[in-house]
Number of protein chains: 2
Amino acid sequence: MSLPSHVRLVEVGPRDGLQNEAQPISVADKVKLVDALTAAGLSYIEVGSFVSPKWVPQMAGSAEVFAHIQRKPGVTYGALAPNLRGFEDALAAGVKEVAVFAAASEAFSQRNINCSINESLERFAPIMAAAKQHGISVRGYVSCVLGCPYEGQIAPEQVAAVARELFAMGCYEVSLGDTIGTGTAGATRRMFEVVGAQVPRDKLAGHFHDTYGQAIANIYASLLEGIQVFDSSIAGLGGCPYAKGASGNVATEDVLYLLNGLGIETGIDMPALILAGQQICSVLGRPTGSRVAKARSAG
Amino acid sequence: MSLPSHVRLVEVGPRDGLQNEAQPISVADKVKLVDALTAAGLSYIEVGSFVSPKWVPQMAGSAEVFAHIQRKPGVTYGALAPNLRGFEDALAAGVKEVAVFAAASEAFSQRNINCSINESLERFAPIMAAAKQHGISVRGYVSCVLGCPYEGQIAPEQVAAVARELFAMGCYEVSLGDTIGTGTAGATRRMFEVVGAQVPRDKLAGHFHDTYGQAIANIYASLLEGIQVFDSSIAGLGGCPYAKGASGNVATEDVLYLLNGLGIETGIDMPALILAGQQICSVLGRPTGSRVAKARSAG
């Protein structure tokens with residue numbers, strides 16, 4: 001199978017990344033990060049999350065971040081909106097695209113968002129209606145697609161059922177997340193085969209964690225299945241605090257290195273990307289999670 | 001293309017790994033490492049190197065290590081023997097299999113072993129003859145197969161020429177090494193396609209470094225090309241001190257995780273392997289380079 005000629009990277013560092021770092025950072029530093037990612041050529045940046053700061057203190061100030069970032073034409077600046085209240089806040093902040101979040105595992109859904117999978121989908125219905133009314137695009141996430149910290153293996157058919165529902169509800173794209181990073185290349189391909197029979201492959205994205213060092217191989221496996229959109233996090237920021245041992249969003253730099261090597265277009269500039277990662281790691285006082293950034297800084 | 005049902009991992013940690021760690025460790029600790037790797041089910045362990053301790057102080061005592069390890073029937077305990085003097089020392093130490101080392105890059109050959117590629121191959125001739133006479137198997141290494149720190153890109157045809165020569169000289173297997181870790185999945189496949197036209201694919205092995213986070217993807221790409229033997233290093237020990245920024249042999253634990261996920265047989269026990277890695281990292285006072293070992297110890 002031939003590889004796609006172009007891939008879109010969805011940069012989730014400012015949201016999925018920072019949300020899972022130990023301490024909140026200032027609005028000014030978040031704005032600086034988003035602007036640096038824009039400058040690097042990302043065409044999709046998930047900027048923040050409209051949730052209660054009681055639950056996710058790291059995401060406080062998302063509206064202010066949206067108010068201060070430099071928006072570049074053609075770039076999508078998205079936000080997570082887990083409920084109608086969050087959606088309305090996002091709308092008020094001038095957000096043009098939101099994301100909703102479901103799980104492929106019942107146990108994870110219960111423990112992470114405190115309701116069943118079906119209940120979570122029902123809660124999205126008013127968001128979808130309001131989004132349609134206001135001309136807002138909605139992206140869907142499905143977590144635990146290649147394993148659950150509570151249930152273990154997850155059947156691809158279960159992932160397909162949730163993805164199909166999100167797509168049918170109006171999500172223009174469904175991102176399938178290996179939340180705990182236990183997936184390997186063969187399981188990744190089988191999962192996309194099964195889900196791809198229910199949702200067109202050009203409406204699917206892959207979201208991989210590098211917890212077990214498999215993310216880049218899983219992305220390559222996904223490319224072989226015709227997947228053209230991948231979520232990644234600058235400097236490998238974040239992970240998932242609800243999933244044991246599930247640190248490690250795949251680093252955007254390392255994904256870009258793969259795609260550049262394969263001759264796949266992304267529009268992203270590696271040196272500018274590495275610079276964005278260095279800046280945020282300096283703010284956080286943590287080392288980069290990107291092997292490419294490490295190797296380049298050693299050089 | 002279907003994946004192989006069985007893969008042999010060549011554990012290079014005690015040689016390629018320790019050789020490139022900052023300080024030498026004791027013979028007793030080396031013996032303990034090799035015995036732990038044997039217990040984990042590895043069928044090939046590169047135990048040491050018969051070179052002048054002036055040049056590679058970390059490999060001093062390789063004969064003593066061979067004298068004290070517990071040899072398990074069916075397991076190959078190999079050693080690097082870069083010249084006839086080294087070969088004779090290896091023979092005296094009871095080594096049954098040796099490895100020789102060439103480069104696919106002229107500049108790297110000159111700087112690393114101080115002679116041209118052709119001169120290095122000529123130097124192997126007496127080793128090959130002596131090995132044949134004593135019934136010793138010889139494994140060949142080719143370095144810089146996907147990039148050179150001095151020359152940049154390396155043509156696959158150049159790799160094929162060196163690999164073909166080593167095979168023709170009597171090496172039963174030729175391991176192709178991405179010494180600086182710059183290879184990506186597509187280049188890996190093209191390289192094996194070109195080399196595979198000159199040397200049977202079941203006589204080739206892949207040796208990947210994770211410097212840019214690509215090793216597991218490159219191994220998956222190699223499996224898709226029918227390659228069934230891979231070198232790896234427990235806990236990701238080592239790298240190459242002569243190649244700028246080239247830290248990071250791929251960790252055996254992470255490769256095993258991929259292979260287990262793909263349902264490919266190796267005969268290796270993951271918990272015992274992780275234990276072997278923890279022990280040597282404790283001796284070296286360094287963190288593991290294996291993401292699997294990190295995730296498991298966090299769990």
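Quick caveat, the model's predicted, so the values are computed rather than measured. Within each chain, residue numbers correspond to sequence positions counted from 1 in written order. Chains and ligands are labelled sequentially in the order written, the chains with letters from A and the ligands with numbers from 1. With pLDDT at 70 or above as the cut-off, local features in this predicted model cover only qualifying residues; side-chain atom pairs require 80 or more to be listed or tallied, and sums for whole chains, interfaces and linings still use all residues. Based on all heavy atoms of the structure, the side-chain values leave hydrogens and waters out of the count.

Draft legend 1. A look at the relation of the copies chain B and chain A. Alignment of the copies relies on least squares applied to C-alpha atoms, considering only residues that score at least 70 for pLDDT in both. Under the fitted operation, chain B is carried onto chain A by 0.0 Å of movement along the axis and a turn of 180°, and the coordinates agree to an RMSD of 0.0 Å. Read as a symmetry element, the transformation amounts to a two-fold axis. The rotation axis passes nearest to the C-alpha of Ala 217 of chain B in chain B, at a distance of 1.9 Å. Residue contacts are counted whenever heavy atoms from the two residues lie within 4.5 Å of one another. With an isologous cut-off of 70% or more, the 100% of interface residues of chain B that recur at the interface of chain A puts this contact in the isologous class.

Draft legend 2. Quick peek at the sheet that holds strand β4 (residues 97-103) of chain A. All names here are of chain A. The pairing criterion is simple: DSSP has to find at least two bridges between the two strands. What counts as a helix is a DSSP run of H or I of at least four residues, what counts as a strand is a run of E of at least two, and both are numbered from the N terminus. Strands sit in the order β1-β2-β3-β4-β5-β6-β7-β8 around a closed barrel of 8 strands; the barrel is parallel. Neighbouring strand axes in the sheet, compared pairwise and without regard to direction, differ in orientation by 30° on average. Here 2 bridges tie strand β7 (residues 204-208) to strand β8 (residues 229-232), and the two strands are oriented parallel to one another. Within β8, the position partnered with His 207 by the bridge is Asp 231. Axis definition: a line fit to C-alpha positions, over the contact stretch in the case of helices; interaxial angles, taken between N-to-C directions, run 0 to 180 degrees.

Draft legend 3. Structural context of the confidence of the model for chain A. Scored between 0 and 100, pLDDT is the confidence that the predictor attaches to each residue. Per-residue pLDDT for chain A has a mean of 93; in total, 96% of the residues score no lower than 70. Considering only residues more than four positions removed or in separate chains, one finds that residues 240-246 of chain A, a stretch of pLDDT under 50, has 19 contacts.

Draft legend 4. Highlighting the sheet that holds strand β3 (residues 76-80) of chain B. Residue and element names in this part refer to chain B. Pairing is parallel around the closed barrel formed by 8 strands, whose spatial order is β1-β2-β3-β4-β5-β6-β7-β8. Averaged over all pairs of adjacent strands, the angle between their axes in this sheet comes to 30°, without regard to strand direction. Taken together, the 4 bridges between strand β1 (residues 8-11) and strand β8 (residues 229-232) define a ladder with parallel strand orientation. Across the sheet, Leu 9 pairs through a bridge with Phe 230, a residue of β8. Along the sheet, helix α9 (residues 215-224) contacts β6 (173-178), β7 (204-208) and β8; its crossing angle with β7, the most-contacted strand, is approximately 165°.

Draft legend 5. Up close: the pattern of salt bridges. What makes a salt bridge here is a side-chain nitrogen of Lys or Arg within 4 Å of a carboxyl oxygen of Asp or Glu, nothing more. In total, this model carries 19 salt bridges over all chains according to the counting rule given. Notably, a salt bridge pairs Arg 139 of chain B with Glu 173 of chain B, separated by 2.8 Å at the nearest N-O pair. Pair noted here: Arg 139 of chain B is in strand β5 (residues 137-143) and Glu 173 of chain B is in strand β6, with a separation of 34 residues, a long-range link. Classification of residues uses two cut-offs on accessible area relative to the type maximum, computed with a 1.4 Å probe and protein chains only: under 20% is buried, over 50% is exposed, and between them is partly exposed. You can call Glu 173 of chain B buried: its relative accessible area is 2%. The structure contains a network of salt bridges with shared partners spanning Arg 8, Arg 139, Glu 173 and Asp 231 of chain A.

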